[in-house]
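If you want the building blocks of each chain, they are given just below.
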Amino acid sequence: MPTVAPSNAAARVIVVGAGIVGAAIAFFLTRAGVRVTLLDARWPAAGASGASDGAVSVASKRPGPMMALACEARTFYGQWVEQGIMRDIYHPRPTYLFARTDEEVAVIAHQGSDLMELGERILPLTHAELMQRVPGLGRHVLAGMKVPDDGHALGYQVVDRLLQASGAQVLRNTPVQRLALSDDRVVGVVTPAGTLVADRVVVAAGLGSGVLTGLQDILIPRKGQLIVTDRASLTGAALRGPLMSAGYLAAKRRMVLGQSSISLVIDPLATGQFLIGSSRETGFADRQTDVQTVSTLLREAMAVYPALARQRVIRTFAGIRIGTQDGLPIVGRHPTLPGLFIATGMEGDGICLAPVIGAAVADMVRDQPTRFDVSVLDPGRFGELPLRSAE
Amino acid sequence: MNMSDTVALHFYWCSEPVPFRAGETIAAALQRAGRTDVGPAVAGLHGRYFCGIGTCQACLVSIDGASPVEACLTLAQEGMHLAPALLSQLARTPGADA
Amino acid sequence: MTHADVLVIGAGPAGLAAVAELARLGLTSLLVEQRDQVGGAIYRRHAGNGNHVLLLPEHHRRRRDGLMQAYTQAQERVTALTASVFIGVDRDGRFLIDNRRLGRVQSVRSKAVILAVGTVERVLPREGWELPGVVSAGGMQVQFKETGQTPKGKILLAGSGPLLLALAAQLAAAGNPPLAVLERAQPLASAWWQGRAVFNVLRSWPHVQEAALYGRELWRARVPYLTGWQVQSVQTVADGLRIDARHSSGLARQYAVQHLALHDGVLPNMTGLPGAAQSADNCIVYAGDCREVLGADAAIDDGSRAAQQVARFLGQRCDSTPLDQAIAAAQRTQAALAQLFQAAPVAPTANTVVCRCEGLRRSDFDRLQVAGSAHELRLVGRFAMGACQGRFCAHTVSALAHEYGVDFDPAALNGDVPRWPLRPVSLAALAAYSELESVE
């Protein structure tokens, strides 16, 4: 092992994982003059970032730090658009929450008051008012709520833009076997192509982060199956914004291993296609879909929006969200290994939160005060996170 | 003699009657009627028969307003009302926002 | 759940041969076919009273008739699900079928499966290939078989491969010979120095007969066979198409026609399909052109052989040696033909449509900046994201990527995880999914 003199200045940084979080971190670091090498075992957006629904949504967040961070993140996307970085990629779009039972009506009302407390605009809607905004809505929808200031961005498009804008060196097909340590400090990473050294290492590798950072037992995969249809017409998005079931809100709070549930979202894409999701299958990390889950999702979707009957399904796929033991992301310095930073566990909120997480981690890596308060996400809350030996 | 010869069978392409023979696909009948263009496709292109085996997805048509099907795989039936697979615009436009 | 012993997908030559052989061995099968009748694209029978019987070499006719007879005898042991499209296998091992008669998706589980789904034609994109009036040679042939009539008006055939000759001869025999056949390669010229290839083709007497049959028709109808020529561009004009053609020497020529048929070879159709596999519990076998392009006659042998492989898996004894030998001979001939018809692919111009489904041209590809993998080209570039799932553009996209130093197998554009549906399926039909109940 070469001995490397530890550097106080973060002049060279390795980011492991070219998903949206890693790409955002690389973006902010290179903007600050840091030399960044971004590695991925496969390629940019190969994981959850490439299999997501694109919601940049405050409407669906849990009240508390997640909702607050989502708000800041959404504002940031707006700034990115103004700066030209996310032009044509991020689109402001209202979210239409809908309820099919009285219980769901209550859930939405509750969410509404939490959102209002944060200063978010909301508009409760009766069935008739929903029908006016969403022509073709099914009869079984009782009521809903419009959240006008939400947005949408396809994860893989955001990643591509961030990589273009950042100028970081991107190494594809470069898996990290383990961290390179010197005097109990992280000085780089070991890959099949050799050891790469750096002043700091950030691990933003989704499930792969576990073995590298001691988080093996903390990270929990949560598979989601999604469906893509063909175009409804040649004139673009069929609806003004996604239809999001109240079940989506409720499911985000529950996490029991082995339990799967369906939380319906009907997302009108700019191409005129629909993206319909999704299941939440805790503990599953395979990326194949099954006909029972897919057909169940479609039956629900058709009941809510019968016009879908005219569409064809052209693709089904599954993305793996990374959940954590306590349901909050893990962002910050490794508790015991100097030079190592972690950013993972976004559990389906990565597209939305990326700018905030990226900026905060870049600040931490450069030993600056973080411009967004992510202290509640600190990895130290899980203990010392010792690395297990390769044996 | 084939019974179907004595009865003229028709389906409609955008309200225009198109004759066909029993057992013929929609694509075959359209071709004999001299219709090669089956409507607008993405990016200003046009749908049309190409591969004949349902693979290229270029010959899609909508029958009686239902989901698009491949004209080359689908048998013509008496009285079908065919239209292009892709609507040029949606039947209903989203309502005003408040 | 169906009670059939074997699931066979595709009722073309290989699939029909498979079920016939399975029946002969005492095994029952469920036969799934996308068209309304068995025969697939190759043995498409014509509807109504089309006037012309397709020009067919004697050995093809004999084998086809023999096969249809064997199938008729096998029918007691075959349940045919027609108008049903195979759309893939899901995570739980369910084979999914889009049953268009019933309007719903059904699933079948089977320990033994034979996939005989045929080929996909390779058509190199040229400017204007996406225009109405331009078809693939196979597509023109299917329509000819179905209607018993040639297309009306002037026809031009272009591309590369023996299929162009067969189609030209068939059109000529039916009274509407093409204006010309433009062949990119120089098969006759290369015959001079491809002695071994020529020898291997000549060893197959049926192929020689077939070539002679087609040659005679083309000679009679005076159809020019122009080697070293390719189509540069196609444009729509008042009463049809205007085609600009070019010879490798630079010579140019124009044609005014109503129909252009393109063909640049056939490829095994493996997009998204599970790999062939045999374990203690499962046997998935591929048969016919989807496994290896060897032509209709060899596909019949391959189907029979696949049936025997499955029979052995299910505990029977049978010897496939004669079939192995016949197929090996076919492989030799096909390899030789491929050598004779070697030609450099046409590089698409900036304006050429590469991904028709998403309306993307070569210029759209060139504009992509950092896409460094098949995944990024698909997701960010949108190539192969459309309804045909890359079947027609994957090779071109892979070749363009290679120009930029990004190398991958065309199949990589479909990702590393087997996905369904293999073909677009009605959302309502999929929502109405049910397991297949047992069939008589």
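All figures in this text were calculated on a predicted structure; none of them were measured in a lab. (Residues numbered from 1 in each chain as written. Chains lettered and ligands numbered in written order. Predicted model: local features only at pLDDT ≥ 70, side-chain atom pairs only at ≥ 80, totals over all residues. Heavy atoms only, no water.)

*Asks:* Whenever I open this one, the nonpolar core confuses me. Can you help?
*Replies:* Inside soluble globular proteins, nonpolar side chains tend to come together where they are buried. By size, the foremost hydrophobic cluster in this structure holds 85 residues, and its most contacted members are Ile-25, Leu-29, Tyr-77, Trp-80, Met-86 and Ile-357 of chain A. The element contributing the most residues to this core is helix 9 (residues 350–365) of chain A, with 12 residues. If near-sequence neighbours (up to four positions away) are discounted, Tyr-77 of chain A is found in contact with Ile-20, Val-56, Met-86, Tyr-90, Ala-153, Val-158, Ile-351, Cys-352, Ala-354 and Pro-355 of chain A. If you look at the next biggest cluster of nonpolar residues, it comprises 48 residues, including Val-123, Leu-241, Leu-360 and Phe-365 of chain C. (Core = buried A, V, L, I, M, F, W, Y, C linked by side-chain atoms within 4.5 Å. Buried < 20%, exposed > 50% of the residue type's maximum accessible area, 1.4 Å probe, protein only. Helix = DSSP H or I, 4+ residues; strand = E, 2+ residues; numbered from the N terminus. Contact = heavy atoms within 4.5 Å.)

*Asks:* Hey, could you run me through the interface of chain A and chain C in this one?
*Replies:* Interface size, as often reported, equals the accessible area lost upon joining of the parts. Contacts between the two partners involve 39 residues from chain A, matched on the other side by 37 residues from chain C. Our count for the chain A to chain C interface comes out at 6 salt bridges. For Arg-42 of chain A, the salt bridge goes to Asp-416 of chain C, with nearest N and O atoms at 2.4 Å. Our enumeration of links across chain A and chain C arrives at 15 residue pairs in polar contact (both at pLDDT 80 or more). Counting residues per element, the ones that place at least two in the side of chain A that touches chain C are helix 5 (155–166), strand 14 (219–229), strand 17 (274–282), helix 8 (291–304) and strand 18 (312–324) of chain A. Among the elements that line the side of chain A that touches chain C, the one with the most residues is helix 8 of chain A, at 7 residues. When its residues are assigned to classes, the side of chain A that touches chain C shows 15 nonpolar, 12 polar and 12 charged. Across 2 bridges, strand 18 of chain A lies against strand 22 (residues 425–426) of chain C in antiparallel orientation. In the sheet register, Val-313 of chain A faces strand 22 of chain C, and the bridge partner there is Val-425 of chain C. (Salt bridge = Lys/Arg side-chain N within 4 Å of Asp/Glu carboxyl O. Polar contact = N/O pair within 3.5 Å; in protein donor to acceptor, adjacent residues only side chain to side chain. Nonpolar A, V, L, I, M, F, W, Y, C, P; charged D, E, K, R; others polar. Pairing = 2+ DSSP bridges.)

*Asks:* Mind showing me how you'd approach the packing of helix 1 (residues 20–31) of chain A against helix 9 of chain A here?
*Replies:* What describes two packed helices is the angle between their axes and the distance between those same axes. Residue and element names in this part refer to chain A. Running from N to C, helix 1 and helix 9 cross one another at 45°; their axes reach a closest spacing of 7 Å. Of the possible angle classes, the one that applies to helix 1 and helix 9 is oblique. Helix 9 is crossed by helix 1, and the crossing has right-handed handedness. Touching Ile-20, Val-21, Ala-24, Ile-25, Phe-28 and Leu-29 of helix 1 are Gly-350, Ile-351, Ala-354, Pro-355, Ile-357, Gly-358, Ala-359, Val-361, Ala-362 and Val-365, all from helix 9. Taken together, the residues of the contact of helix 1 with helix 9 break down into 14 nonpolar, 2 polar and no charged. (Axes fitted to C-alpha atoms, helices over the stretch in contact; angles between N-to-C directions. Parallel < 35°, antiparallel > 145°, perpendicular 65-115°, else oblique. Left-handed = near helix turned anticlockwise from the far one by under 90°.)

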